[in-house]
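Residue-level listing of the chains:
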Amino acid sequence: DAGVIQSPRHEVTEMGQEVTLRCKPISGHNSLFWYRQTMMRGLELLIYFNNNVPIDDSGMPEDRFSAKMPNASFSTLKIQPSEPRDSAVYFCASSLGGQGNSPLHFGNGTRLTVT
Amino acid sequence: GQQLNQSPQSMFIQEGEDVSMNCTSSSIFNTWLWYKQEPGEGPVLLIALYKAGELTSNGRLTAQFGITRKDSFLNISASIPSDVGIYFCAGQLTTDSWGKLQFGAGTQVVVTP
């Protein structure tokens, strides 16, 4: 089975540009999570969806960040405008949410560099 | 930020040695998970623990869910070079049923031949 698929793998952009990260969760999983990983702060949950509905976006840093899940097989995380401090690895993960104990399965991440 | 204390931060060991790392929390969890992350990849689930006191093995890996529900450890026996990576513990809060996890800061393991 294919795992969680993220694109692009690497993104280099200039400050002020819009960045869109994409994720395809594991088929059949109904919960999707966006995490950010940095050396300083480790893995931080940004937002998660259940059945395509955002459940908790309290981890989203500020209004420059937005996430959508238009259907069960696709989600985007958008940063507009991007800033150098947004540089990090962004992971998408999915699980069988609502099932009680359901471990997360992560994609391979998008490494974002904002210059 | 993280609410779990994971130690040690890093370990440099020789091939064949055993490795032990642990996580403690001030919160009670109903699930403990251990993940491994290799360079350029996302964390991969190694072991999931669902009951206090549970001891689970996966090959050379053994993990336990502490009786107090506030700690967990992971042991790797007879380490080999491919055990290199960062190991993360993660705890799921009792009242959270949607898979939302708290992650430790990670233990970096380096294995020398």
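Let me begin by describing the structure that accompanies this report. Quantities reported herein were computed from a predicted structural model and do not represent experimental measurements.

## A look at the state of the cysteines
At step 1: Evaluated as defined, the whole model comprises two disulfides over all chains.
At step 2: Linked covalently through their sulfurs, Cys 23 of chain A and Cys 92 of chain A form a disulfide whose S-S length is 1.9 Å. Handedness here is read from the sign of the S-S torsion; for Cys 23 of chain A and Cys 92 of chain A, about -70°, the answer is left-handed. A residue pair is termed long-range when its members are at least 10 positions apart, and Cys 23 of chain A in strand 3 (residues 19-24) and Cys 92 of chain A in strand 9 (residues 88-95) qualify at 69 residues.
At step 3: What makes Cys 92 of chain A buried here is its relative accessible area of 0%.
At step 4: One disulfide bridge connects Cys 23 of chain B with Cys 89 of chain B, the sulfur atoms lying 1.7 Å from each other. Judged by the sign of its S-S torsion, about -80°, the cystine formed by Cys 23 of chain B and Cys 89 of chain B is left-handed. Residue Cys 23 of chain B is located in strand 3 (residues 19-25), and its partner Cys 89 of chain B is located in strand 9 (residues 85-93); the two are separated by 66 residues in the primary sequence. The same class applies to Cys 23 of chain B as to Cys 89 of chain B, namely buried.

## Brief notes about the side chain of Gln 37 of chain A
At step 1: Relative to the helices and strands, Gln 37 of chain A resides in strand 4 (residues 31-38).
At step 2: One polar contact links Gln 37 of chain A to Gln 37 of chain B, side chain to side chain, over a distance of 2.9 Å.
At step 3: Excluding anything up to four places from it in sequence, Gln 37 of chain A contacts Gly 42, Leu 43, Ala 88, Val 89 and Phe 91 of chain A together with Gln 37 and Phe 88 of chain B.

## Some thoughts on the sheet that holds strand 1 (residues 5-7) of chain A
Residues and elements named next belong to chain A.
At step 1: One open sheet holds the four strands; their spatial order is 1-3-8-7, and the pairing between them is antiparallel. Of all the strands in the sheet, the pair left with one neighbour each is strand 1 and strand 7 (65-71). Each neighbouring strand pair of the sheet contributes to a mean axis angle of 15°, computed without reference to strand direction.

## Some remarks on the sheet that holds strand 6 (residues 55-58) of chain B
Residues and elements named next belong to chain B.
At step 1: With antiparallel pairing, the five strands of this open sheet are ordered in space as 1-3-8-7-6. Sheet topology places strand 1 (4-7) and strand 6 at the edges, where each strand pairs with a single neighbour. Adjacent strand axes in the sheet meet at a mean angle of 15°, parallel and antiparallel pairs treated alike.
At step 2: Across five bridges, the pairing between strand 7 (residues 61-65) and strand 8 (residues 71-76) is antiparallel. Counted as the bridge partner of Gln 64 is Phe 73 from strand 8.

The rules behind the values
- Throughout this document, residue positions are counted from 1 along each chain, in the order its sequence is written.
- Chain letters start at A and ligand numbers start at 1, both assigned in the order the entries are written.
- Local features are withheld for residues below a pLDDT of 70 in this predicted model, meaning they are given only at 70 or higher, and side-chain atom pairs are given and counted only at 80 or more; totals for whole chains, interfaces and linings count all residues.
- Note that the side-chain values use all heavy atoms of the structure and ignore hydrogens as well as water.
- Disulfides are defined as cysteine sulfur pairs within 2.5 Å.
- Starting at the N terminus, helices and strands are each numbered in turn, a helix being any DSSP run of H or I of at least four residues and a strand any DSSP run of E of at least two.
- The classification of residues rests on relative accessible area computed with a 1.4 Å probe and restricted to protein chains. Under 20% of the type maximum is buried, over 50% is exposed, and intermediate values are partly exposed.
- Identification of polar contacts relies on pairs of N or O atoms within 3.5 Å, with a donor-acceptor requirement for protein atoms, meaning one able to donate a hydrogen and the other able to accept it, and with residues adjacent in sequence counted only if both atoms are side-chain atoms.
- The contact criterion used throughout is that any non-hydrogen atoms of two residues lie within 4.5 Å.
- Here, a strand pair is defined by DSSP locating no fewer than two bridges between the strands.
- A fitted line through C-alpha atoms represents every axis, and for helices the fit uses only the stretch in contact; the resulting angles, taken between N-to-C directions, go from 0 to 180 degrees.

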